[in-house]
Amino acid sequence: QRATTHFASTFIQREMGAADNEEVPVVSTELYHKDFDAFVKALGGAYEKYGFVILQNHGVSDDLISRALDGSKRFFALGEEEKKKYHLAGLGGARGYTGFGVETAKGSTKHDLKEFWHLGRDLPPGHRYEDKMPPNVDVEEGEFNAVTKEIFAALDALGGRVLEALAVHLGQPREYFGDKVNEGNSILRVIHYPPLARDGEDGAAALAAAGHVRAAAHEDINLITLLLGADEGGLQILRRDGTWLDVNPPPGCVTCNIGDMLQRLSNRRLPSTTHRVVNPAADRAHLPRYSMPFFLHPNPDFLIETLATCVSDKYPNQFPTPITSDDYLQERLREIKLK
């Protein structure tokens, strides 16, 4: 049976108010250690309503976040030819650099206004997943490699704590996801959305000429996504009534949302919410936007099969045909034109 979760505002610092002042809830990750049951209740309730939550006191240091952002800015400031030498053809953008104007949201006819870098899990030679998870690309300049790998490890660990709570929320043992994501095909994506207006150019005219938004409406493929470092606004999520809600996390927080794989596993009990990144106001069109989402994936051979605890007479199985996480990933990559 699908239970409706209620939780006290003690555990969520931002209340789920009426639509005119509604905000995505903020949950303190300190509850993981201090009161795990409260952590489960807070996350479960927030995710069932929004598919998104903002994590506070998450343990990823401000210094690490700052160094990663600085390293990202230096990398994307390199010349086009210099960046292109880190592009690996034929990998669907799985590792290294993907240039501006490539990725297109599912169902969209226009490309997103961004370029990005992908870092994956390092595997030892001869690993059983090496045919699914190619080696990473090393950047010659600065500390970009080292700091992005630190961010990868920190967000991977934080995601594991979130999944422990969600496992319990879904009626599974706390350690349910442990051996299913420990060698997951997770990706740290470092994104640069270039300015839409040149210095001195009229912002309104530049926005009109852009013809598209920075990232079209989409859902994420993976289990959960942990987003760091968006220094400019623009993220919006789609409410159930068809209107858009701005997501403006406090500085230093991590925005964490449900992806399609977990939506499928949970029989839509945990929704994968449509979201987008809209263009800035005219007076900010000359500014770039940087962000670092961590897409937490299961191990490639994990079978996404609806959990029995999420199926009942009232909520029949909406995904009766299981699929491995890698097969699902490849299907979706083709849809967004990365393959």
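Residues numbered from 1 in each chain as written. Predicted model: local features only at pLDDT ≥ 70, side-chain atom pairs only at ≥ 80, totals over all residues. Heavy atoms only, no water.

### Section: the overall build of the protein
Per the secondary structure count, the protein includes nine helices and 14 strands. The globule rule puts the C-alpha radius of gyration for 339 residues at 20 Å, and the 20 Å found for the protein is close to it. Referenced to the eigenvectors of the C-alpha coordinate spread, the extents of the protein come out at roughly 60 × 55 × 40 Å. Contacts in the protein between residues at least 24 apart in sequence constitute 79% of all its contacts with a sequence separation of at least 6. Total accessible area on the protein stands at roughly 14,900 Å², and carbon and sulfur atoms take up 50% of it. (Helix = DSSP H or I, 4+ residues; strand = E, 2+ residues; numbered from the N terminus. Rg over C-alpha atoms; globule rule 2.2 N^0.38 Å. Contact = heavy atoms within 4.5 Å. Areas by Shrake-Rupley, 256 points an atom, 1.4 Å probe, with all protein chains shown as cover.)

### Some points on the packing of aromatic side chains
Here the structure, examined in full by the defined rule, presents twelve aromatic pairs. Seen from their ring centres, F75 and F144 are 5.0 Å apart, and the 10 degrees between their planes marks the pair as stacked. With a gap of 69 residues between them, F75 in helix α3 (residues 62-76) and F144 in helix α5 (residues 144-169) connect regions that are remote in the sequence. When the centroid spacing of 5.0 Å and the interplanar angle of 90 degrees are considered together, the rings of F152 and F294 count as edge-to-face. Of this pair, F152 sits in helix α5 while F294 sits in strand β12 (residues 289-296), placing them 142 residues apart in sequence. (Phe/Tyr/Trp six-rings, centres within 6.5 Å; stacked < 30°, edge-to-face > 60°.)

### A closer look at the sheet that holds strand β8 (residues 235-238)
One open sheet accounts for four strands, arranged β6-β11-β8-β9; its pairing is antiparallel. With one partner strand each, in any of the chains shown, β6 (215-218) and β9 (244-246) form the two edges of the open sheet. Strand-to-strand twist across the sheet, computed as the mean angle between neighbouring axes with direction ignored, equals 20 degrees. Bridge count between β8 and strand β11 (residues 275-277): three bridges; the pairing is antiparallel. By the bridge assignment for β11, L235 is matched with V277. (Pairing = 2+ DSSP bridges. Axes fitted to C-alpha atoms, helices over the stretch in contact; angles between N-to-C directions.)

### A short note on helix α9 (residues 325-335)
Within α9 the residues assigned to the buried category are S325, D326, Y328, L329, Q330, R332 and L333. Where α9 is buried, its residues meet α8 (260-265), β13 (303-304) and β14 (323-324). Note on α9: the residue one or two positions beyond its end, K337, has a positive phi of about 65 degrees. (Buried < 20%, exposed > 50% of the residue type's maximum accessible area, 1.4 Å probe, protein only.)

### Some remarks on the environment of K132
Mapped onto the fold, K132 is located in the loop between β4 (115-120) and α5. Each C-alpha atom, one on K132 and one on D202, is 46 Å from the other, the two residues being 70 residues apart in sequence. Residues within four places of K132 in sequence aside, it is in contact with N185, P300 and D326.

### Regarding the environment of H58
When you line up the elements, H58 lands in the loop between β2 (52-56) and α3. Sequence separation of H58 and V27 is 31 residues, and the distance between their C-alpha atoms is 9.5 Å. Filtering out sequence-adjacent residues up to four positions away, H58 remains in contact with T29, I65, L158, R161, G252, C253 and V254. A polar contact is formed between the side chain of H58 and the backbone nitrogen of V60, at a distance of 3.1 Å. (Polar contact = N/O pair within 3.5 Å; in protein donor to acceptor, adjacent residues only side chain to side chain.)

### Focus on the packing of helix α2 (residues 36-50) against α5
Helix-helix packing is described using two parameters, namely the angle between the two axes and the distance between the axes. Interaxial distance between α2 and α5 falls to 9 Å at its minimum, and their mutual angle equals 80 degrees. Classified by the angle between their axes, α2 and α5 sit roughly perpendicular to one another. Only R161, V162, E164, A165, L166, V168 and H169 of α5 make contact with α2, whose side of the interface consists of F36, F39, V40, L43, G44, G45, Y47 and E48. Residue composition of the contact of α2 with α5, grouped by class: nine nonpolar, three polar and three charged. (Parallel < 35°, antiparallel > 145°, perpendicular 65-115°, else oblique. Nonpolar A, V, L, I, M, F, W, Y, C, P; charged D, E, K, R; others polar.)

### Thoughts on the pattern of salt bridges
Scanning the model with the defined rule gives 20 salt bridges in all. A salt bridge links E140 to K85; the nearest nitrogen and oxygen atoms lie 3.2 Å apart. Of this pair, E140 sits in the loop between β4 and α5 while K85 is found in the loop between α4 (80-84) and β3 (96-98), placing the two residues 55 residues apart along the sequence. Overall, the relative accessible area of 60% leaves E140 in the exposed class. A salt bridge links R121 to D156, with the shortest nitrogen-to-oxygen separation between them at 3.2 Å. (Salt bridge = Lys/Arg side-chain N within 4 Å of Asp/Glu carboxyl O.)

### Examining the pairing of β4
Of all six residues making up β4, six are buried, and the element is well covered by its neighbours. Of the two faces of β4, the one carrying E115, W117 and L119 and the one carrying F116, H118 and G120 are both buried. Sheet analysis places β4 next to strand β5 (residues 187-193), joined by six bridges and oriented antiparallel. Bridging across to β5, E115 finds its partner in H192.

### Section: the nonpolar core
Counting residues in each nonpolar core, the largest one holds 74 residues, and the members touching the most others are W117, L155, I224 and L262. The leading source of residues in this core is α5, at eleven residues. The contact partners of I224, leaving out residues within four places of it in the chain, are G159, V162, L163, L166, C256, N257, I258, G259, L262, F294, F295 and L296. Counting eleven residues, the second-largest nonpolar core is a separate cluster that includes I54, L227, L235 and I237. (Core = buried A, V, L, I, M, F, W, Y, C linked by side-chain atoms within 4.5 Å.)

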